[in-house]
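Coordinate inspection notes
What follows is the residue order along each chain.
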Amino acid sequence: MKKFIRLSVLVSIITMATACKNRNETTVPETTPTTEQNETVSTSENTLEIESTDQMQYSTNELKTGVGTVTLTLKHTGKMDKAVMGHNLIILKPGTDIAAFTQKAALAKATDYIPESEKASIIAHTRLLGGGESDTIEFSISEPGTYDFLCSFPGHAALMKGKLVVE
Ligand SMILES: [Cu+2]
């Protein structure tokens, strides 16, 4: 008799536990994590900003970034027209003959000094800007290293040049 009572208590405990578990399962609201969507829209950490002036200069001659997608903004802070003091920023592949490149670029006025014949040497470039304008470009670099950048407006590369260090 004692054994039977103990068994029935045990059974009722199990029943309660099961009922409790079921209740928990049904009362838990189905909340799907909405934060996951936001996490996948990650902004690039490789964001570069550089300015150029009416004094024919960049604000820096060294840019640093990591490998991957790079977002670069060139801002012309001057006032002069792009026909007189136009600036761009061209990132060149390693091993490019800069003197030869700028010579060809100077003749490429029709394409804003981006020489069609040298496109294979260009990793990325902004458009040609006049005072007050800016351009943002996105490109990808997978190899760490040091890359030359310059402005291809005739005569500018003597002063307007620098290194993009990719780590
Ligand atoms: Cu320039």
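Up top is the structure these notes are about.
Structure report, in brief. Since we're looking at a predicted model, the values are computed, not measured.

1. A word on the pairing of strand E2 (residues 62-65)
Of the two faces of E2, the one lined by Leu63 and Thr65 is fully buried and the one lined by Glu62 and Lys64 carries no buried residue. In terms of strand pairing, E2 meets strand E8 (residues 161-166) through 4 bridges, oriented parallel. When the sheet's bridge partners are listed, lysine 64 is paired in E8 with valine 165.

2. As for the coordination of the copper ion
Within the protein, the atoms that donate to the copper ion are His87 (ND1), Cys151 (SG), His156 (ND1) and Met160 (SD), at distances of 2.1 to 2.8 Å. One way to put it: the 4 donor atoms around the copper ion meet at angles of 78 to 132°, and that makes the site irregular. Along the chain, the residues donating to the copper ion fall in the pattern H-x63-C-x4-H-x3-M. Here the residue histidine 87 occupies a position in the loop between helix H3 (82-85) and strand E4 (90-92), and histidine 156 occupies one in the loop between strand E7 (145-150) and E8, the gap between them amounting to 69 residues. According to the relative accessible area criterion, histidine 87 is buried, its value standing at 0%.

3. Overview of unusual backbone geometry
With phi around 60°, methionine 56 is a residue other than glycine that occupies positive phi space. In this fold, methionine 56 is placed in the loop between strand E1 (47-52) and E2. Unlike most non-glycine residues, tyrosine 113 shows phi in positive territory, near 65°. Here tyrosine 113 is to be found in the loop between helix H4 (98-106) and strand E5 (122-125).

4. Some words on the sheet that holds E2
The strand order across the open sheet built from 5 strands is E2-E8-E7-E4-E5, with neighbouring strands paired in mixed fashion. Among the strands making up the open sheet, the edge pair consists of E2 and E5. For this sheet the average axis-to-axis angle between neighbouring strands, irrespective of direction, equals 25°. Packed on one face of the sheet, H4 meets E4, E5 and E7 and runs near 30° to E7.

5. Overview of the pattern of salt bridges
Under the defined criterion, the tally for this structure stands at 4 salt bridges. The residue lysine 82 makes a salt bridge to aspartate 112 at a minimum N-O spacing of 3.8 Å. Residue lysine 82 is found in helix H3, and its partner aspartate 112 is found in the loop between H4 and E5; the two are separated by 30 residues along the sequence. Note that aspartate 148 is salt-bridged to lysine 163, the shortest N-O span being 2.8 Å. Of this pair, aspartate 148 sits in strand E7 while lysine 163 is found in strand E8, placing the two residues 15 residues apart along the sequence.

Parameters and conventions
- Sequence positions are assigned chain by chain, starting from 1 and proceeding in written order.
- Under the rules for a predicted model, residues below a pLDDT of 70 receive no local features and side-chain atom pairs below 80 are neither given nor counted, while totals for whole chains, interfaces and linings still include all residues.
- With hydrogens and water stripped out, all remaining heavy atoms of the structure feed into the side-chain values.
- Summary of the burial criterion: residues with accessible area below 20% of their type's maximum are buried, those above 50% are exposed, and those between are partly exposed, where the area comes from a 1.4 Å probe applied to protein chains only.
- Going along the chain from the N terminus, every DSSP run of H or I of four or more residues is numbered as a helix, and every run of E of two or more is numbered as a strand.
- By definition, two strands form a pair when at least two bridges between them are found by DSSP.
- Donors, by definition, are the N, O and S atoms found within 2.8 Å of a metal, the threshold being 3.2 Å for Na, K and Ca, and water is not counted, so a site can look incomplete.
- Here a site with four donors is tetrahedral if all angles are between 85 and 135 degrees, and a site with four or six donors is square planar or octahedral if opposite donors are over 155 degrees apart and the other angles are between 65 and 115; anything else gets the irregular label.
- Between the N-to-C directions of two axes lies an angle of 0 to 180 degrees, each axis being a line fitted to C-alpha atoms and, for a helix, fitted only over the stretch in contact.
- Contact definition: two residues touch when any of their heavy atoms are within 4.5 Å.
- We count a salt bridge whenever a side-chain nitrogen from Lys or Arg sits within 4 Å of a carboxyl oxygen from Asp or Glu.

None of this, on its own, says anything about what the molecule does.
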